Structure formats: structure tokens, C-alpha cells
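Observations on the three-dimensional arrangement
Listed here are the chains, written in short residue letters.
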Amino acid sequence: MTLRVLGVDPGLTRCGIGVVDVEKNRRATLVAFGVVGTSPEESLDQRLLVIATSIDEWLDQYQPHVLAVERVFSQLNVSTVMGVAQASGVVIAAAARRGIPVALHTPSEVKAAVTGSGTSNKDAVTKLVTKILRLDAPPRPADAADALALAITHAWRAGSGAAIATSGPGSMSLTPAQRAWADAEAKARRTR
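Residues numbered from 1 in each chain as written. Predicted model: local features only at pLDDT ≥ 70, side-chain atom pairs only at ≥ 80, totals over all residues. Heavy atoms only, no water.

Quick notes on the overall build of the chain
When helices and strands are tallied, the chain shows 6 helices and 5 strands. Each helix and strand of the chain, placed in order from N terminus to C terminus, yields the pattern β-β-β-α-β-α-β-α-α-α-α. Taken across its 192 residues, the chain has 46% of its residues classed as buried. Contacts in the chain between residues far apart in sequence, at least 24 positions, make up 60% of those at least 6 positions apart. Accessible surface for the chain amounts to roughly 9700 Å². Of this, 56% is attributable to carbon and sulfur atoms. (Helix = DSSP H or I, 4+ residues; strand = E, 2+ residues; numbered from the N terminus. Buried < 20%, exposed > 50% of the residue type's maximum accessible area, 1.4 Å probe, protein only. Contact = heavy atoms within 4.5 Å. Areas by Shrake-Rupley, 256 points an atom, 1.4 Å probe, with all protein chains shown as cover.)

Here's the deal with the UniProt feature "active site" (unreviewed entry) in the chain
According to UniProt, the feature "active site" (unreviewed entry) maps to Asp9, Glu70 and Asp143 in the numbering used here. Their sequence span is 135 residues, while the largest C-alpha to C-alpha distance among them is just 11.1 Å; these annotated residues converge on one region. For Asp9, the position within the fold is in strand β1 (residues 3-9). Judged by its relative accessible area of 6%, Asp9 falls in the buried class. When residues no more than four places from it in sequence are discounted, the contact partners of Asp9 are Arg14, Cys15, Gly16, Glu70, Asp143, Asp146, Ala147 and Leu150. Along the chain, Asp143 falls in helix α5 (residues 142-159). Assessed through its relative accessible area of 11%, Asp143 is described here as buried. The contacts of Asp143, once residues within four sequence positions are left out, are Asp9, Arg14, Gly16 and Val35. (UniProt positions renumbered as here; feature names shortened; annotations may be inferred.)

Re the environment of Ala145
Of note, Ala145 is situated in helix α5. Here the alpha-carbon distance between Ala145 and Phe33, two residues 112 residues apart in the chain, equals 8.1 Å. If near-sequence neighbours (up to four positions away) are discounted, Ala145 is found in contact with Thr126, Val129 and Pro139.

Thoughts on the nonpolar core
Of all hydrophobic cores here, the largest spans 24 residues; its most connected members are Leu6, Ile51, Ile55 and Leu67. Sort the elements by how many residues they give to this core and helix α1 (residues 44-62) lands first, with 7 residues. Apart from residues no more than four positions distant in its own chain, Leu67 is found in contact with Leu6, Leu59, Val91, Ala95, Ile100, Pro101, Val102 and Ala103. With 20 residues, the next largest nonpolar core counts Ala28, Ala149, Ala151 and Ala155 among its residues. (Core = buried A, V, L, I, M, F, W, Y, C linked by side-chain atoms within 4.5 Å.)

Some remarks on the UniProt feature "binding site: Mg(2+) 2" (unreviewed entry) in the chain
When the UniProt feature table is mapped onto this chain numbering, "binding site: Mg(2+) 2" (unreviewed entry) sits at Glu70. Sequence-distant contacts of Glu70, defined by excluding residues within four places in its chain, comprise Val8, Asp9, Pro10, Ser88, His105, Pro107 and Leu150.

Comments concerning the packing of aromatic side chains
Enumeration over the complete set of coordinates arrives at 1 aromatic pair. Relative to Tyr62, the ring of Trp58 lies with its centre 5.2 Å away and its plane at 40°, an arrangement referred to as tilted. Here Trp58 pairs with Tyr62, and both are found in helix α1, just 4 residues apart, close to one helical turn. Overall, the relative accessible area of 15% leaves Trp58 in the buried class. Tyr62 sits in the buried class, given a relative accessible area of 17%. Over the ring of Trp156 we find Arg26, and its NZ or CZ is 4.2 Å from the ring centre. (Phe/Tyr/Trp six-rings, centres within 6.5 Å; stacked < 30°, edge-to-face > 60°. Lys NZ or Arg CZ within 6 Å of the ring centre and 35° of its normal.)

Brief notes about the pairing of strand β4 (residues 66-70)
Across the 5 residues of β4, 5 count as buried, placing the element largely inside the fold. Because side chains alternate across β4, one face comprises the buried residues Val66, Ala68 and Glu70, and the other comprises Leu67 and Val69, equally buried. Here β1 pairs with β4 via 4 bridges, running parallel. Residue pairing in the sheet places Val8 in a bridge with Val69 of β4. (Pairing = 2+ DSSP bridges.)

If you want it as C-alpha cells, here you go:
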């Protein structure tokens, strides 16, 4: 069975979105990618509405099995963290309304999965996403490439049983061992 994953690199100004189909043998195929942009001159409620409307359209059009969203991490710029968190919340809520499981991955997890190094730069991630998806040109802007990297990461980790979403209808089909692994991983993340 092919797993369809919608990856989201959340942000208020640029929210990267990418959809991939990944086969059991880890072969990933591009379905679509794009960026939802909002202007800092718009009010917060209107910016979040644009993101919410767009993610609803992507979910309805592409019907992913799971969403992979970049986990918000601490940065020095608090306003940036707040915007990313707000955009993430809108995206997660849209998936929850449809019963689509959501998995969160840190930037270093994504870099490690795609490039082999958790400290790779954006250019390295984009280059390898281009290669993995067998594209003629790199996906642009970088936010879209990051969203595709999130989707690939989740599919590859889910295939190994390491990062299966533990919410939503798909969690009921896990084997007892997969459920125990996912629960242990979720508990470890909460205690970090």
C-alpha cells in the first residue's frame, strides 16, 4: 500500500506544503507542493484564516493518510516562535476535524532522515529532496522543499515503525508492538 503524507513547514509569512506518495520500499513520488503566503500587514486573524482555508483545500484535494508537521522549537525570536505555533495549531486542527492523524518532527530529525546529518543546511535538504523525488529542478521556495522533506521523513520513519502517529483512526490498526513503541516515543518527547 502507498502512504500519502502531507508535510507542513508552518509559518505565518510562508507556510510550506508538500504531498508525497511513498511505497513500502521507500520510493517516494511527488504529488504536489506549494507555499501559502500572508502579509505581515494583515491582521493575525486574517493571516490565520488564509492558512486555515488553504490547508482545508489541500486536505480535501489530496486526502492524505497522515500529516507531518514541523515541531515548534525554541528560538531566540519569540515572535517567530509564536507565529509558527499559531500556524501549526490551525493546521493540526484542520487535520483533527477530518480524523487525519498528525505526527510532529523536529528540524534535526528531518535533516537526519533526508541527508544523514541532523545539522545539514537548507541547501543540502533541498538537494536531497530533489534527488529522492527524482525531480528535474529543486522545489522552490525552500519552505516547500522543507515540507516535502517532512513528508518523506514521516513516511520513512512510519515504515520502520518508529514514528507512527498515535492519534486519529489509523492508530487503531497498529500492532501491539507498534503501539508500545509509539507510546514510548510520545512519552520520551513529553519528558524532554
